[in-house]
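# Descriptive analysis of the structure
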Amino acid sequence: MKNNTKMKRRDFIKSTVSSSLALILGTAYLMTGCNNSGKQTEQTADAKSQGNAVSSCDDYSGVDEVNLRKREQLGYVKQTPNPEHQCDNCKLYIAPKDGQQCGGCMLFTGPVFAEGYCTYWAPPDEA
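Residues numbered from 1 in each chain as written. Predicted model: local features only at pLDDT ≥ 70, side-chain atom pairs only at ≥ 80, totals over all residues. Heavy atoms only, no water.

### Side note on the overall build of the chain
Filter applied, for reference: Helix and strand definitions follow DSSP, with helices as H or I runs of at least four residues and strands as E runs of at least two, each counted in order from the N terminus. Burial status follows relative accessibility: with a 1.4 Å probe on protein chains alone, a residue under 20% of its type maximum counts as buried, one over 50% as exposed, and anything between as partly exposed. Per-residue accessibility takes into account occlusion by the displayed protein chains alone, with areas from the Shrake-Rupley method and a 1.4 Å probe.
Each helix and strand counted, the chain has two helices and two strands in total. Classification of the 127 residues of the chain by burial places 20% in the buried group. Surface summary for the chain: the accessible area is close to 9700 Å², and the carbon and sulfur share equals 56%.

### Details of the confidence of the model for the chain
Applicable threshold: Residue-level confidence of the predictor is summarised by pLDDT, bounded by 0 at the bottom and 100 at the top. The contact rule is simple, with two residues in contact once any of their heavy atoms fall within 4.5 Å.
Across the chain, pLDDT averages 80, with 73% of residues at or above 70. Confidence drops under a pLDDT of 50 for residues 43-53, and excluding neighbours within four residues, the segment shows four contacts in the predicted structure.

### Digging into empty space enclosed by the protein
Inclusion rule: Using only the protein atoms, space was sampled on a 1 Å grid; points where a 1.4 Å probe fits but cannot get out form cavities, open sets with protein on both sides within 12 Å along at least five of seven lines form pockets, and lining residues are those with an atom within 4 Å of a point. Grid points are joined across faces, edges and corners, and a volume is the space filled by probe spheres set on the points. All amino acids are sorted into three groups, where Ala, Val, Leu, Ile, Met, Phe, Trp, Tyr, Cys and Pro are nonpolar, Asp, Glu, Lys and Arg are charged, and the leftover types, Gly among them, are polar.
Scanning the entire structure with this criterion turns up one cavity of 30 Å³ or more. By volume, the largest cavity amounts to about 80 Å³. Residues that form the lining of the largest cavity fall into these classes: 11 nonpolar, no polar and no charged.

### Section: a nonpolar patch on the surface
Operational definition: Put simply, a patch holds well-exposed residues, over 30% relative accessible area, that have no salt bridge, with like charges counted together within 9 Å and Val, Leu, Ile, Met, Phe, Trp or Tyr side chains within 5 Å. The salt bridge definition used is simple: a Lys or Arg side-chain nitrogen within 4 Å of an Asp or Glu carboxyl oxygen.
Together, F12, I13 and V17 make up a nonpolar patch on the protein surface, roughly 320 Å² of accessible area in all. Tracing the sequence through the fold places I13 in helix α1 (residues 2-49).

### Here's the deal with the pattern of salt bridges
Taken as a whole, this structure holds two salt bridges when the rule is applied. Salt-bridge contacts for D58 lead to K78; the nearest nitrogen and oxygen are separated by 2.9 Å. One end of the pair, D58, is in the loop between α1 and α2 (65-73); the other, K78, is in the loop between α2 and β1 (93-94), with 20 residues separating them in the sequence. Taking the shortest distance from any N to any O, the salt bridge between D125 and K91 comes out at 3.5 Å. Of the two residues, D125 sits in the segment after β2 (104-105) while K91 sits in the loop between α2 and β1, which places them 34 residues apart along the sequence. Judged by its relative accessible area of 61%, D125 is exposed. Residue class for K91 comes out partly exposed when judged on its relative accessible area of 40%.

### What about the side chain of S61?
Applied cut-off: Between N or O atoms, a polar contact is any pair within 3.5 Å; within protein, one atom must be a potential hydrogen donor and the other a potential acceptor, and residues adjacent in sequence are included only when both atoms are from side chains.
With respect to the helices and strands, S61 occurs in the loop between α1 and α2. Here D59 takes part through its side chain, which lies 2.8 Å from a polar atom of the side chain of S61.

Pasting the structure below:
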């Protein structure tokens, strides 16, 4: 009987900790989303006021912090140090759609220069 009481106490503690953690993470997510949306709008307005001086491939206003960090971790650069290994001949590259200047990548979101490079460069499949 006493053993059942301990299990219930443990379950109570587990559920309390889990609920608290979920509440904290949910609140942090909502707070981050609210703060980022204001910054994105401000940055977009700044870019427009500068006469679109920034190319669309340099515009990371729609990219979240997680994907910006992922770009850095993967060593993404706008210009490849090795012309034989660049984004537009990588298996993970997503070619730009009609009317767009830059492509994308399957590993992270946001614009990618065709001449770019990262450490995960993979040779294209041979046809």
